[in-house]
Amino acid sequence: MTPDGEPMWRRLLPVVALLLLAPWAAECSWGGFAGADMLLVVVVLAPMYGGAAVLIREAARRAGGGWPMIVLLAAGFGVVQAGLVDQSLFNPDYLADTEFAELSAADRTRIPLLGVSAQEVLSFLGNHVALTICAPIAIVESYLAPTRRLRPYLRTSGLVTVTLLYLLGSLAVFADDSGRKGFLASPGQLAGAAAVVITLVVVAALPRWRRRPAPAPASAPRPGRPAALVLVIYLGVSMLSGWVGVVLSVVAVATLAAMLVRWSGRAGWGQAHVLACAAGALVGAATLAYLVPPYAPASPTEALVSDVVVSLLAVVLLAGAYARLRRCGELGVAR
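Residues numbered from 1 in each chain as written. Predicted model: local features only at pLDDT ≥ 70, side-chain atom pairs only at ≥ 80, totals over all residues. Heavy atoms only, no water.

**Digging into the overall build of the chain**
What counts is decided by this rule: Counting from the N terminus, the helices are the DSSP runs of H or I reaching at least four residues and the strands are the DSSP runs of E reaching at least two. Radius of gyration: over C-alpha atoms. The globule rule applied is 2.2 Å multiplied by the number of residues raised to the 0.38 power. Only protein chains enter the accessibility calculation, which uses a 1.4 Å probe; a residue whose area is less than 20% of its type maximum is buried, one above 50% is exposed, and one in between is partly exposed. Values of accessible area rely on a 1.4 Å probe in the Shrake-Rupley scheme; residue burial ignores everything except the protein chains shown. Counting rule applied: Lys, Arg positive; Asp, Glu negative; His and chain ends not counted. Taken as the charge location is NZ of Lys, CZ of Arg, CG of Asp or CD of Glu.
When you go through the chain residue by residue, the secondary structure sums to twelve helices and four strands. Taken over C-alpha atoms, the radius of gyration comes to 20 Å for the chain, in line with the 20 Å a tight globule of 335 residues would show. Dimensions of the chain, computed from C-alpha atoms along their principal axes, come out at roughly 50 × 45 × 40 Å. Taken over 335 residues, the chain has a buried fraction of 47%. For the chain, the accessible surface area stands at approximately 15,900 Å², while carbon and sulfur atoms represent 71% of it. Treating the 25 positive side-chain charges of the chain as one cloud and the 18 negative ones as another, the clouds have centres 21 Å apart.

Pasting the structure below:
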């Protein structure tokens, strides 16, 4: 038992769930790995992806910053991961030995001065924000009672442990030369990525995210509406390519962000809406799995079975979360 009388397993269960769900959502939910490789991927990447999700969630909930802070820190993590750890943002050959080598149109939007592809910046960072961090946190919190949902999971010793796990996991990925393929970003690129991370963290720490303005008099829409909007924009952005696609993607994501900010400030916005947004992203990823190949070659049958497994896991996770909200009386209210 912990000092507050809560069983240790009950306090740590959401931490373990987040540690495992984050790598699955990040790398498997959109079909990146065939079924036989999913478990190994989740275990190996749990310290890095899961550790980041836990630390970001703990930082935001302790500071009272809410979802704006989580999204900004998630974007910072995306830059750390893709810019400093595996350096995929700067490595033009990052996907060279995968099934995406012939499908990628990233070179069409490469910016020589920065050494990055605008399309990959949107794809890599967007997926880290939506799938690696935000969707797993929203799903895990939906399984918790309202009285526990916004409370920190860990004490100081737990935070230190997860931080060490995250650092060791990131170091292991960086040290894996087969992943980076011997590539190292230039000092200028690393400094630029670090500056972006620091900026995002500073913005995330602003006091404005801790303020809770009174809800607008208008009512929030039903949860299905933000879910549909997230789903449509997620799939639409995933299908776009080239500079026209980059511009349209920026406009679409900005519109989505503006609509969610507007709706979330209305009376009646609650956890069901948060889960709906996560569902839109996760269902979009599971749909995309049927349209793209996994990183490594797989037979059509193996790929299809893996995609079906991904779909079933997504449905089970989301259905369980919605059932939990219904038991807590957080569904069924007109919005």
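**Thoughts on the pattern of salt bridges**
Our working definition: Any carboxyl oxygen of Asp or Glu that lies within 4 Å of a side-chain nitrogen of Lys or Arg is treated as forming a salt bridge with it.
Scanning the model with the defined rule gives five salt bridges in all. Between Glu58 and Arg62 there is a salt bridge; the shortest N-O distance is 3.6 Å. Residue Glu58 and its partner Arg62 are both found in helix α2 (residues 35-63); the two are separated by four residues, about one turn of the helix. In this structure Glu58 comes out as buried when scored by relative accessible area, which is 1%. By relative accessible area, which is 42% here, Arg62 ends up partly exposed. The salt bridge involving Arg61 is made with Glu141; its shortest N-O contact spans 2.8 Å. Here Arg61 is found in helix α2, whereas its partner Glu141 is found in helix α4 (residues 118-142), with 80 residues between them in sequence. Here Arg61 falls in the buried class, since its relative accessible area comes to 11%. One continuous salt-bridge network, built from bridges that share partners, spans Arg57, Glu58, Arg61, Arg62 and Glu141.

**Here's the deal with the packing of α4 against helix α11 (residues 271-289)**
Threshold: Note on method: axes are straight lines fitted to C-alpha atoms, helices fitted across the in-contact stretch only, with angles between N-to-C directions ranging 0 to 180 degrees. Throughout, the term roughly parallel applies to angles under 35 degrees, roughly antiparallel to angles over 145, roughly perpendicular to angles from 65 to 115, and oblique to all others. Helix crossings fall into two classes, left-handed where the near helix is turned counterclockwise from the far one by less than a right angle and right-handed where it is turned clockwise. What makes two residues a contact is simply this: any of their non-hydrogen atoms within 4.5 Å. Residue polarity is assigned by list, with Asp, Glu, Lys and Arg as charged and Ala, Val, Leu, Ile, Met, Phe, Trp, Tyr, Cys and Pro as nonpolar; anything else, Gly included, falls into the polar class.
Two numbers describe how α4 lies on α11: the axes approach to 9 Å, and their chain directions differ by 135°. When the interaxial angle is binned, α4 and α11 end up oblique. Once α4 is placed against α11, the crossing between them reads as left-handed. On the side of α4, the interface is formed by Ala130, Leu131, Ala135, Ala138, Ile139, Glu141 and Ser142, while α11 contributes Gln271, Val274, Leu275, Ala278, Ala281, Leu282 and Ala285. Of the residues that constitute the contact of α4 with α11, the class distribution is eleven nonpolar, two polar and one charged.

**Looking at α11**
Turn by turn, an α-helix covers 3.6 residues, leaving residues three or four places apart pointing in a common direction. Applicable threshold: Helix span, as expected, comes to 1.5 Å for every residue beyond the first.
End to end, α11 covers 27 Å across 19 residues, agreeing with the expected 27 Å (1.5 Å per residue, within 8%). In terms of residue burial, α11 counts as a mostly covered element, since 17 of its 19 residues are buried.

**Overview of the packing of α2 against helix α6 (residues 156-175)**
One way to put it is that α2 packs onto α6 with a least axis distance of 8 Å and a crossing angle of 140°. Between α2 and α6, the crossing angle belongs to the class labelled oblique. Note that α2 runs across α6; the crossing there is left-handed. Contact residues: α2 offers Leu45, Pro47, Met48, Gly51, Ala52, Val54, Leu55, Glu58 and Arg62, while α6 offers Leu159, Val162, Thr163, Leu165, Tyr166, Gly169, Ser170 and Val173. Broken down by class, the residue content of the contact of α2 with α6 amounts to eleven nonpolar, four polar and two charged.

**Observations concerning the nonpolar core**
This is how it is decided: Here, nonpolar core refers to any group of buried Ala, Val, Leu, Ile, Met, Phe, Trp, Tyr and Cys residues whose side-chain atoms link them within 4.5 Å.
Counting 83 residues, the largest nonpolar core has Trp24 and Ile133 as its most contacted members. In contact with Trp24, not counting residues within four places along its chain, are Ser29, Met38, Val42, Leu282, Val310, Leu313, Ala314 and Leu317.

**Focus on a nonpolar patch on the surface**
We apply this condition: Every patch collects residues that have over 30% relative accessible area and no salt bridge, joining them within 9 Å if they carry like charges and within 5 Å if they are nonpolar side chains (Val, Leu, Ile, Met, Phe, Trp, Tyr).
There is a patch of nonpolar side chains on the surface, built from Met239, Tyr290, Leu291, Leu304, Val308 and Leu312 and spanning about 580 Å² of accessible area. Per-element accounting of the nonpolar patch gives the leading share, three residues, to helix α12 (residues 300-327).

**Side note on unusual backbone geometry**
Backbone geometry at Gln87 places phi at a positive 55°, although glycine is not the residue there. By secondary structure assignment, the location of Gln87 is in the loop between α3 (66-85) and β1 (110-111).

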